[in-house]
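# Coordinate inspection notes
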Amino acid sequence: MKGKRKVLFLATVYSHLAAFHLPFMRLLEEKGYEVHAAGSFDGREGDVAGEGFKCWDIPFARSPYSQRNFRAWKKLKELFLNNYYDLIHMHTPVAAFLGRYLGRKTKQGKLLYTAHGFHFFKGAPWRNWLVYYSAERIAARWTDGLIVMNEEDLKNARRLGFKDGENLFYVHGVGVELERYFRPGEKDTLRPELGLGPDEVLVSCVGEFNPNKNQTFLLQGWKEVAARCGNAHLLLIGTGELASNLKEKVKQEKIPRVHFLGFRRDVPQILQSTNIAVLTSKHEGLPRCIMEAMAAGKAVVASDVRGNRDLVEDGNSGFLVKLGDEKALFQALVKLIEDKALRQKMGAAGREKIKAYSLEQVLGEMERIYMLFLE
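These figures come from a predicted structure and were not determined experimentally.

Right, let's get into the packing of helix α10 (residues 215-228) against helix α11 (residues 243-252). Helix-helix packing is characterised by the crossing angle of the two axes and by the distance between the axes. One way to put it is that α10 packs onto α11 with a least axis distance of 11 Å and a crossing angle of 15°. Considering the angle they form, α10 stands roughly parallel to α11. The way α10 lies across α11 gives a crossing that is right-handed. Here Gln215, Thr216, Leu219 and Gln220 of α10 lie close against α11, whose contacting residues are Leu246, Lys249 and Val250. Per-class residue counts for the contact of α10 with α11 are 3 nonpolar, 3 polar and 1 charged.

What follows covers the side chain of His36. With respect to the element layout, His36 can be found in strand β2 (residues 34-40). A distance of 2.7 Å separates a polar atom in the side chain of His36 from a polar atom in the side chain of Glu34. Here His36 is in contact with Lys6, Val7, Leu8, Phe9, Met25, Lys54, Trp56, Asn83 and Tyr85, once residues within four sequence places are set aside.

Let's shift gears to the packing of α10 against helix α15 (residues 326-338). Where α10 meets α15, the axes come as close as 9 Å, and the angle between the chain directions of the two elements is 50°. When the axis of α10 is compared with that of α15, the two are oblique. Viewed along their axes, α10 and α15 form a crossing whose handedness is right-handed. Two secondary-structure elements touch here, α10 through Phe217, Leu218, Gln220, Gly221, Trp222, Glu224, Val225 and Arg228 and α15 through Glu326, Leu329, Phe330, Leu333, Val334, Ile337 and Glu338. A per-class count over the contact of α10 with α15 returns 9 nonpolar, 2 polar and 4 charged.

Reading guide: rules and limits
Residues numbered from 1 in each chain as written. Predicted model: local features only at pLDDT ≥ 70, side-chain atom pairs only at ≥ 80, totals over all residues. Heavy atoms only, no water. Axes fitted to C-alpha atoms, helices over the stretch in contact; angles between N-to-C directions. Helix = DSSP H or I, 4+ residues; strand = E, 2+ residues; numbered from the N terminus. Parallel < 35°, antiparallel > 145°, perpendicular 65-115°, else oblique. Left-handed = near helix turned anticlockwise from the far one by under 90°. Contact = heavy atoms within 4.5 Å. Nonpolar A, V, L, I, M, F, W, Y, C, P; charged D, E, K, R; others polar. Polar contact = N/O pair within 3.5 Å; in protein donor to acceptor, adjacent residues only side chain to side chain.

Purely spatial values, then, with no claim about function.
Below is the structure:
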């Protein structure tokens, strides 16, 4: 075959590729491969194109029921008919299902899928199992390699017929740059920005404002926390479909000391100023926001769901609380707000555990997997 060998990274939206996969794209480029990206343009395609990667607009919709996916199907088929890829690394359910089917149909090279959290999981609605589990059973026949990143997904992948070390691989997430987030001695610029003093305790929550991230539950619990701890402030970092609803809830219910910081590019600095990190999601794959908080040496309060429990050791590096249990959320947050020594102890334990999830470690894991399929 003449010319450079080519690799394609495929996801439903470019924000996913830009947020998580640029280091792995660079890895393969450094090894001499021509790296392309494909997904729905959503404003983050410039971050990928800016790295020098060829970008294709495939108008996927996140919902498997959207008619937009018929157009995506046609454009993806056209892309595959005009290009041969030695490896296609797929992410997100819709893009990965269509990509694996068309990849096999058009006789592409190896087809690799990373499940960042199967949409079927313990406690998921029956429809998720009907649609997504069934889809993965069908797609398994087109999948040369499946990558998972939490224990529950590993067990479900085995149920689908994948075999460890042969076509099933466990990796430590997408990796986190440890030194980027651990910044002892750095000047605190966040408290002056918010007009807060050095003795105020900051609790941060990083995540898109959507139903799954469950900030409504967090705000319900925060009302009681704020009434008990007059020096505690909640920082909500992100944007999303529920932003106006959440702001209205805070206003209408007069929930005190809640700060909406919007989309920020200085999350490492924010985490350094933070005392506690919190995430109350309904489900996760392996949340990088928790990994980043642990890398920053912060104690974590998280919902006791898949992904979160893979990272947070209850009572050691933070606390896990059952979904909907406002009392448990209140108790966990108050305990950490009122006990600086406990925060520091748990933060140190989390930082030690997260070393296994460093970007350097995960790049090594992924390099070995890539080479299994490319050499």
